Amino acid sequence: IEEVLREHGLEGMSDSESAILLGSTLGADLLASVETTPRGALLGVVVFDARSGARYVDRTLPADPEAASEEVRDAVAAAAQKRALPPEERYGVALLSISNADLPRGDDPMVAGMGRLMERLLVSAPRTVVLERRHLRLWQMEQHLPTHGPAADAPAAPLLVRIEAARADAGL
């Protein structure tokens, strides 16, 4: 696998685009990406659907390598269970945008972090997958193909979410 990663320039794979490319190259259904710091400290694991790029699992990892390996194993098993659910029993959610309405511009990184935390919280639900915005158009087109119809493993129509962070006195 390391050779294939190098050939395709995917050594640092951690996004859905890379998962789709690598999944089609390897013929995989699911791909797990372990996120690390530049110094190699463990951060988290994300398990993607290798065909659609949907995120099935997104968890933080313990610092202990043995405990982390068990958590990665459990994350892949949870993703496989989610993927095995009938499409009508899975809920797709796409966070379209998170914007800073009227907070100081210096709060932009915090607002972006809120979106990332929201996605992590949503995907932790046992029947929920997170669809990234850039894949929604492909997902929508695939649902309407006249020759094949909806993909057998695609979740039902996704819930589209837009978040705006604003001062409490301005209302949310």
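In case you missed it, the structure is sitting above this.
No experiment lies behind these values; they were computed from the predicted model shown. (Residues numbered from 1 in each chain as written. Predicted model: local features only at pLDDT ≥ 70, side-chain atom pairs only at ≥ 80, totals over all residues. Heavy atoms only, no water.)

Chemist: So what's going on with the overall build of the protein? Residues and values would help.
Modeler: The helix and strand tally for the protein stands at five helices and six strands. Written out in order from the N terminus, the α and β elements of the protein read α-α-β-β-β-α-β-α-β-α-β. The buried share of the protein, reckoned over its 172 residues, is 35%. By sequence separation, contacts in the protein at least 24 residues apart represent 55% of the contacts at least 6 residues apart. In the structure as shown, the protein presents an accessible area of about 10100 Å², 57% of it carried by carbon and sulfur atoms. (Helix = DSSP H or I, 4+ residues; strand = E, 2+ residues; numbered from the N terminus. Buried < 20%, exposed > 50% of the residue type's maximum accessible area, 1.4 Å probe, protein only. Contact = heavy atoms within 4.5 Å. Areas by Shrake-Rupley, 256 points an atom, 1.4 Å probe, with all protein chains shown as cover.)

Chemist: Residues and numbers for the environment of glutamate 71, please.
Modeler: Among the secondary structure elements, glutamate 71 is positioned in helix H3 (residues 65-84). Its relative accessible area of 21% is what places glutamate 71 among the partly exposed residues. Residues glutamate 71 and arginine 59 lie 12 residues apart in sequence; the distance between their C-alpha atoms is 8.6 Å.

Chemist: Tell me about the pattern of salt bridges, residues and numbers included.
Modeler: Once their charged atoms are close, side chains differing in charge can pair, the charge on each being opposite to the other. Evaluated as defined, the whole model comprises 12 salt bridges. In this structure, arginine 83 and aspartate 29 form a salt bridge, with 3.8 Å as the shortest nitrogen-oxygen distance. Within this pair, whereas arginine 83 is found in helix H3, its partner aspartate 29 is found in the loop between helix H2 (16-26) and strand S1 (30-36), the two being separated by 54 residues in sequence. Take arginine 83: its relative accessible area is 22%, and that puts it in the partly exposed class. Between glutamate 35 and arginine 116 there is a salt bridge, and its shortest N-O distance comes to 3.7 Å. Within this pair, whereas glutamate 35 is found in strand S1, its partner arginine 116 is found in helix H4 (residues 108-123), the two being separated by 81 residues in sequence. Under the relative-accessibility criterion, glutamate 35 is labelled buried at 19%. (Salt bridge = Lys/Arg side-chain N within 4 Å of Asp/Glu carboxyl O.)

Chemist: I'd like to hear about the environment of arginine 127, residue by residue, with values.
Modeler: Assignment of secondary structure puts arginine 127 in the loop between H4 and strand S5 (128-130). Taking the C-alpha atoms as reference points, arginine 127 and glutamate 89, 38 residues apart in sequence, are found 6.8 Å from one another. If we skip the residues at most four places from it in the chain, arginine 127 touches Lys82, Leu85, Glu89, Arg90 and Tyr91.

Chemist: Talk me through H4; I want residue IDs and the actual numbers.
Modeler: Relative to the 22 Å expected for 16 residues at 1.5 Å per residue, H4 spans 23 Å between its end C-alpha atoms, a close match to the ideal helical length. Close packing links the buried residues of H4 with strand S3 (55-60), H3, strand S4 (91-100), S5 and strand S6 (159-165). (Expected span 1.5 Å × (residues − 1).)

Chemist: Lay out the pairing of S1 in plain terms, naming residues and giving numbers.
Modeler: Each regular strand displays side chains that alternate between the two surfaces of the sheet. On S1, burial follows the alternation: Leu31, Ser33 and Glu35 on one face are buried, whereas Leu30, Ala32, Val34 and Thr36 on the facing-out side are not. What sits between the antiparallel neighbours S1 and strand S2 (residues 42-49) is a turn of five residues, in which glycine 40 has the positive phi angle 95 degrees. (Pairing = 2+ DSSP bridges.)

Chemist: Outline H3, listing residues and values.
Modeler: For H3, spanning 20 residues, the distance from its first C-alpha to its last is 28 Å, which sits close to the expected 28 Å at 1.5 Å a residue. Within the span of H3, buried status applies to Ala68, Val72, Ala75, Ala79 and Lys82. For H3, the arc enclosing every buried residue in end-on projection is 90 degrees, short of the 170-degree limit, so these residues lie on one face. In H3, the exposed positions angled more than 90 degrees off the buried face are occupied by Glu66, Arg73, Gln81 and Ala84. Tucked inside the fold, the buried residues of H3 contact S1, S2, S3, H4 and S5. (Arc of directions from axis to C-beta.)

Chemist: Give me the nonpolar core: which residues, what numbers.
Modeler: The biggest cluster of nonpolar side chains holds 13 residues, and the ones touching the most others in it are Val45, Val47, Tyr56, Val57, Leu61, Ala75 and Ala79. Counting residues per element, the ones that place at least two in this core are S2, S3 and H3. Setting aside residues up to four positions removed in sequence, valine 57 forms contacts with Val45, Val46, Val47, Ala75, Ala78, Ala79 and Val123. (Core = buried A, V, L, I, M, F, W, Y, C linked by side-chain atoms within 4.5 Å.)

Chemist: Which residues make up the pairing of S3, and what values go with them?
Modeler: In the sheet, S2 pairs with S3 via five bridges, with the strands oriented antiparallel. Along S3, the bridge assignment pairs valine 45 with arginine 59.

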